[in-house]
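# Understanding the architecture of this molecule
Given next are the chains, with one letter for each unit.
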Amino acid sequence: MALEFSPSNLPLKLFINNQYVDPANPAVFSVHDPTDNSLVSDKVPLAAEADVEAAVAAAETAFPAWKATTAAERRALLQKLGALIEKHAVALQELSRITLGAPYESIGKHETVLCAQAFEYYAGWIDKFAGEAYPQENGFMRITRHEPLGVTAGIVPWNGPLGIIGLKAAPALATGNCFILKPSEKTPFAALALGSLIKAAGFPPGVFQVLSGDGTTGALLAKHMRIRKVSFTGSIATGKRIQKMAAESNLKRVTLELGGKSPAVIFADANLDNAVAWCVNAITMNSGQACFAASRVYVQDTIIEEFTKRYKSALEERAQAIGDPAKQGTLMGPLVDETQFNRVQGFLDRGTQSHSLLTGGQRVGDKGWFVQPTVFTDVGPDSELYKEEIFGPVAILNSFKAESEVIQKANATEYGLMAGVFTQDINRALRVAGEFESGMVGVNCISLNFLTVPFGGSKQSGLGRECGRAAMEAFTETKTVMINLTY
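Please read all numbers here as calculations on a predicted model, not as lab measurements.

### Examining the overall build of the protein chain
- Counting its regular elements, the protein chain contains 15 helices and 22 strands.
- For the protein chain, whose C-alpha radius of gyration is 23 Å, the value lies close to the compact-globule estimate of 23 Å for 487 residues.
- In terms of principal-axis extent, the alpha carbons of the protein chain reach across some 70 × 65 × 40 Å.
- Buried residues in the protein chain amount to 56% of all 487 residues.
- Pairs at least 24 residues apart make up 76% of the contacts formed inside the protein chain by residues separated by at least 6 positions.
- A total accessible area of about 19,400 Å² is found for the protein chain, and carbon and sulfur atoms account for 52% of it.
- Each charge class in the protein chain was averaged separately, 45 positive and 49 negative side chains, and the resulting centres sit 4 Å apart.

### With respect to the packing of aromatic side chains
- In this structure the tally under the stated criterion is 13 aromatic pairs.
- A centroid spacing of 5.5 Å and a plane angle of 90° characterise the contact between tryptophan 158 and phenylalanine 391, whose relative ring orientation is edge-to-face. Here tryptophan 158 is found in the loop between strand S7 (151–155) and helix H5 (163–174), whereas its partner phenylalanine 391 is found in the loop between helix H12 (384–387) and strand S18 (394–400), with 233 residues between them in sequence. Of the two residues, tryptophan 158 and phenylalanine 391, neither departs from the other in class, the shared state being buried.
- Taken together, the ring pairs connect Phe5, Phe15 and Tyr20 into an aromatic cluster.
- Lying over the aromatic face of phenylalanine 347, arginine 350 brings its terminal NZ or CZ to 5.1 Å of the ring centre.

### Regarding the pattern of salt bridges
- Scanning all chains against the criterion turns up 24 salt bridges.
- Linking aspartate 337 and lysine 186 is a salt bridge whose minimum nitrogen-to-oxygen distance equals 3.0 Å. Taken together, the positions of aspartate 337 in the loop between helix H10 (304–319) and helix H11 (338–354) and lysine 186 in the loop between strand S8 (178–182) and helix H6 (189–201) put the pair 151 residues apart, joining distant regions of the chain.
- Judged by its relative accessible area of 17%, aspartate 337 falls in the buried class.
- A salt bridge links lysine 312 to glutamate 316; the shortest N-O distance between them is 2.8 Å. Residue lysine 312 and its partner glutamate 316 are both found in helix H10; the two are separated by four residues, about one turn of the helix.

### Here we look at the sheet that holds strand S14 (residues 356–359)
- Ordered by their spatial adjacency, seven strands build an open sheet running S14-S17-S18-S13-S12-S19-S20, and the pairing between neighbours is mixed. On the outer flanks of this sheet lie S14 and strand S20 (440–443), each paired with one strand and no other. Direction aside, neighbouring strands of the sheet carry axes that sit 25° apart on average.
- Relative to strand S17 (residues 374–377), H11 is tilted by about 35°, and along the sheet it contacts S14, S17 and S18.

### Focus: the nonpolar core
- Core analysis: the biggest nonpolar cluster contains 116 residues, and Ile266, Phe307 and Tyr311 have the highest contact counts within it.
- Among the elements that take part in this core, H6 stands out by supplying nine residues, more than any other.
- Leaving out residues up to four positions away in the same chain, phenylalanine 307 has contacts with Ile266, Leu272, Ala275, Val276, Cys279, Val297, Val299 and Leu397.
- Trp369, Leu385, Ile396 and Phe400 belong to the second largest nonpolar core, which has 26 residues in total.

### Side note on the sheet that holds strand S6 (residues 140–148)
- Taken together, three strands build an open sheet; the order of strands is S5-S6-S22 and the sheet is antiparallel. At either end of the open sheet lies a strand with only one pairing partner, and these are strand S5 (133–137) and strand S22 (476–484). Mean inter-strand twist for the sheet, computed between neighbouring axes without regard to direction, equals 20°.
- Across three bridges, the pairing between S5 and S6 is antiparallel. Following the sheet pairing, alanine 133 is matched in S6 by isoleucine 143.

How each quantity is defined
- Residues numbered from 1 in each chain as written.
- Predicted model: local features only at pLDDT ≥ 70, side-chain atom pairs only at ≥ 80, totals over all residues.
- Heavy atoms only, no water.
- Helix = DSSP H or I, 4+ residues; strand = E, 2+ residues; numbered from the N terminus.
- Rg over C-alpha atoms; globule rule 2.2 N^0.38 Å.
- Buried < 20%, exposed > 50% of the residue type's maximum accessible area, 1.4 Å probe, protein only.
- Contact = heavy atoms within 4.5 Å.
- Areas by Shrake-Rupley, 256 points an atom, 1.4 Å probe, with all protein chains shown as cover.
- Lys, Arg positive; Asp, Glu negative; His and termini not counted.
- Charge placed at Lys NZ, Arg CZ, Asp CG, Glu CD.
- Phe/Tyr/Trp six-rings, centres within 6.5 Å; stacked < 30°, edge-to-face > 60°.
- Lys NZ or Arg CZ within 6 Å of the ring centre and 35° of its normal.
- Salt bridge = Lys/Arg side-chain N within 4 Å of Asp/Glu carboxyl O.
- Pairing = 2+ DSSP bridges.
- Axes fitted to C-alpha atoms, helices over the stretch in contact; angles between N-to-C directions.
- Core = buried A, V, L, I, M, F, W, Y, C linked by side-chain atoms within 4.5 Å.

Laid out in structure tokens, this is it:
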């Protein structure tokens, strides 16, 4: 089959109960192309209360049979959906690119492959997600089993509109839950287009549905009394509101993958070419719009001069690859929209007034939302550049003398998503990794993830974990069964 949607034929209906339907109320919203701010569509459907109710009712109807579906049948459906996503990767990414502006070569291809692989990976888990059995004691045998929660929901951010769908929907469906997807209002089209592939893969009506909308739609999901789990990726502020709504409604389970201010620590014995490459890629991927971007770089004082020279040169070379994300060779596209551009530009304007600018700091061109990779040096811990997530290609570069000093500096934020240590001393690497207040640590690498291991942060970077077995556990309830063998 060919994907029925394209930039010239946008999906402009909700996907409920295996059908594309108009919203119950004629509410719509607009999206724009970040390369030139031109209008892409002003007819994107905004799901309101009646639409959420319809999706929840369809999911409740579908849940008993879906829960009872055999492992082989469910595995085949997830594998087929993964294969369809992979087959239509370019078309899906075009639907994402027109409002996100992410180049296919550096971001789009990886993101679409991640989505497809997530369905294939979790399909393989379905008949291997076992409980536990405990030794017989005092005449009792005890076992545990993992049971689906029921109707679940995922709220996906604009910076990973396809990849993060896989990280949320695949483990939810693999464990027997029904799933309602709410994409970001900034990047709705790839998610809405999935409806045709969901149906083509053979999923029963009501099992996997897609509701476009804004924060009001997300709030309806978070506070719904019959939705049992919501998985959210986005800002700390919104995550806190979702947790509050979840608690005040039916105490639904939540997974929150929030922001980051990731430190990269480079010791004097590090391979500088490797460290520079990772730090450059980590702050320019997706134009810096990544939760685990290495936005704080700490370099030991004895090599700071050489590192700074190489880091500056590499970033300025990367800046030459800023441009139209539809063109081959483009590595950095625009920021997602005017709101995000103004936020990042505000940090740049204030930063240049009070800090030393190593490179960048300027808008690129006179249309669209393009920004140079930017680095400020010698930034103190009280600066907003040090403490706040900017979500753009903006980093700080500071020096340090001793290991104990840099650990304190690395941990001096409310974020704890990822950190990286660069050294050829394995003892130091493991020691520092253990001291980082972070959910994930890279040794001689940073700002990456794998489907097979948990992804998530500490402190205000979130609650719970995605990826690996941890995601399966997050979408299930553990039930303990105690068997009396002596009656």
